[in-house]
Amino acid sequence: MFQGESALSLDGKGRVTVPSRYRDALAALCQGQMTLTKSPSRCLLLFPRPAWVEFRAKILALPMEADGFRRLYLGSAMDVDMDSASRILLSPELRGWARLEKELMLVGMGARLEIWDRERYLANEEATLAQPMPDALRQLVI
């Protein structure tokens, strides 16, 4: 399970270095083979390949009315491999769509990771905190 935030920098070739705290888990889970795709939140989702295969099967099983979101997730999916320097390449198409600049945030979200532009991530966090907490979550918080 992935959790926590890590600040990252995008290099001149569009690569990011996977933080050391995730490297061993990604090597064990998927030998560094992952899949990147778009998120409706305008960030990128990074799945270890086995988690992607499971997610993809669920998306494919949705009814036709979900075709727009199926297209978003599946149509933009790109397989990526962690290189020997623990970097992954973010394609120009995905970087542009998620509006990724130099400073990024990598956020652990359980079975997947999210890649955000740092400023947009912080703004999204503030917007979330400005909303009332959902009932289901409020019942969990002590």
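Criteria and thresholds
- Residues numbered from 1 in each chain as written.
- Predicted model: local features only at pLDDT ≥ 70, side-chain atom pairs only at ≥ 80, totals over all residues.
- Heavy atoms only, no water.
- Helix = DSSP H or I, 4+ residues; strand = E, 2+ residues; numbered from the N terminus.
- Rg over C-alpha atoms; globule rule 2.2 N^0.38 Å.
- Buried < 20%, exposed > 50% of the residue type's maximum accessible area, 1.4 Å probe, protein only.
- Contact = heavy atoms within 4.5 Å.
- Areas by Shrake-Rupley, 256 points an atom, 1.4 Å probe, with all protein chains shown as cover.
- Pairing = 2+ DSSP bridges.
- 1 Å grid on protein atoms, 1.4 Å probe; cavity = no way out; pocket = protein on both sides within 12 Å on 5 of 7 lines; lining within 4 Å.
- Points joined across faces, edges and corners; volume = space filled by probe spheres on them.
- Nonpolar A, V, L, I, M, F, W, Y, C, P; charged D, E, K, R; others polar.
- Phe/Tyr/Trp six-rings, centres within 6.5 Å; stacked < 30°, edge-to-face > 60°.

Asker: Help me understand the overall build of the protein in this model?
Answerer: Tallying secondary structure elements over the protein gives six helices and eight strands in all. Mapped from its N terminus to its C terminus, the protein presents α and β elements in the order β-β-α-β-β-α-α-β-β-α-β-β-α-α. A compact globule built from 142 residues would reach a C-alpha radius of gyration of about 14 Å, and the protein, at 16 Å, matches this within 12%. Dimensions along the principal axes, computed over C-alpha positions, put the protein at roughly 45 × 35 × 30 Å. Scored against the burial criterion, the 142 residues of the protein give a buried share of 40%. Summarising the internal contacts of the protein: among those between residues at least 6 apart in sequence, 58% fall at separations of at least 24. Summed over all atoms, the accessible surface of the protein reaches about 8,600 Å², with 55% contributed by carbon and sulfur.

Asker: Would you mind going over the pairing of strand 8 (residues 113–117) with me for this structure?
Answerer: Residues in a regular strand point their side chains to alternate faces of the sheet. Burial within strand 8 is extensive, with five of its five residues counted as buried. Neither face of strand 8 is left uncovered, since the one carrying Leu-113, Ile-115 and Asp-117 and the one carrying Glu-114 and Trp-116 both have all their residues buried. Sheet topology note: the strand 4 (residues 44–48)/strand 8 ladder contains three bridges and is antiparallel. When the bridges of strand 8 are listed, Leu-46 appears paired with Leu-113. Across five bridges, strand 7 (residues 103–110) lies against strand 8 in antiparallel orientation. Within strand 8, the position partnered with Val-107 by the bridge is Glu-114. Linkage of strand 7 to strand 8, two consecutive antiparallel strands, is achieved through a turn of two residues.

Asker: Whenever I open this one, empty space enclosed by the protein confuses me. Can you help?
Answerer: Which parts of space are left empty comes out when a probe the size of a water molecule is rolled across the atoms. Enumeration over the complete set of coordinates arrives at one cavity of 30 Å³ or more. Computed from the structure, the largest cavity encloses a volume of approximately 30 Å³. What lines the largest cavity is Leu-8, Val-16, Thr-17, Val-18, Pro-19, Leu-46, Ile-88, Leu-106 and Ile-115. Residues that form the lining of the largest cavity fall into these classes: eight nonpolar, one polar and no charged.

Asker: Mind showing me how you'd approach the packing of aromatic side chains here?
Answerer: The relative placement of two aromatic rings is captured by the distance of their centres and the angle of their planes. Applying the stated rule across the entire model yields six aromatic pairs. Here Trp-52 and Phe-55 contribute two aromatic rings whose centre-to-centre distance is 5.9 Å and whose plane-to-plane angle is 40°, an arrangement assigned as tilted. Of the two residues, Trp-52 and Phe-55 are both situated in helix 2 (residues 49–60); the distance of three residues between them amounts to about one turn of the helix. Ring geometry for Phe-55 against Tyr-73: centres 5.2 Å apart, planes inclined by 85°, an arrangement best described as edge-to-face. Of the two residues, Phe-55 is situated in helix 2 and Tyr-73 in helix 3 (residues 67–75); the sequence distance between them amounts to 18 residues. Counting every residue linked through ring pairs, the aromatic cluster contains Phe-47, Trp-52, Phe-55 and Tyr-73.

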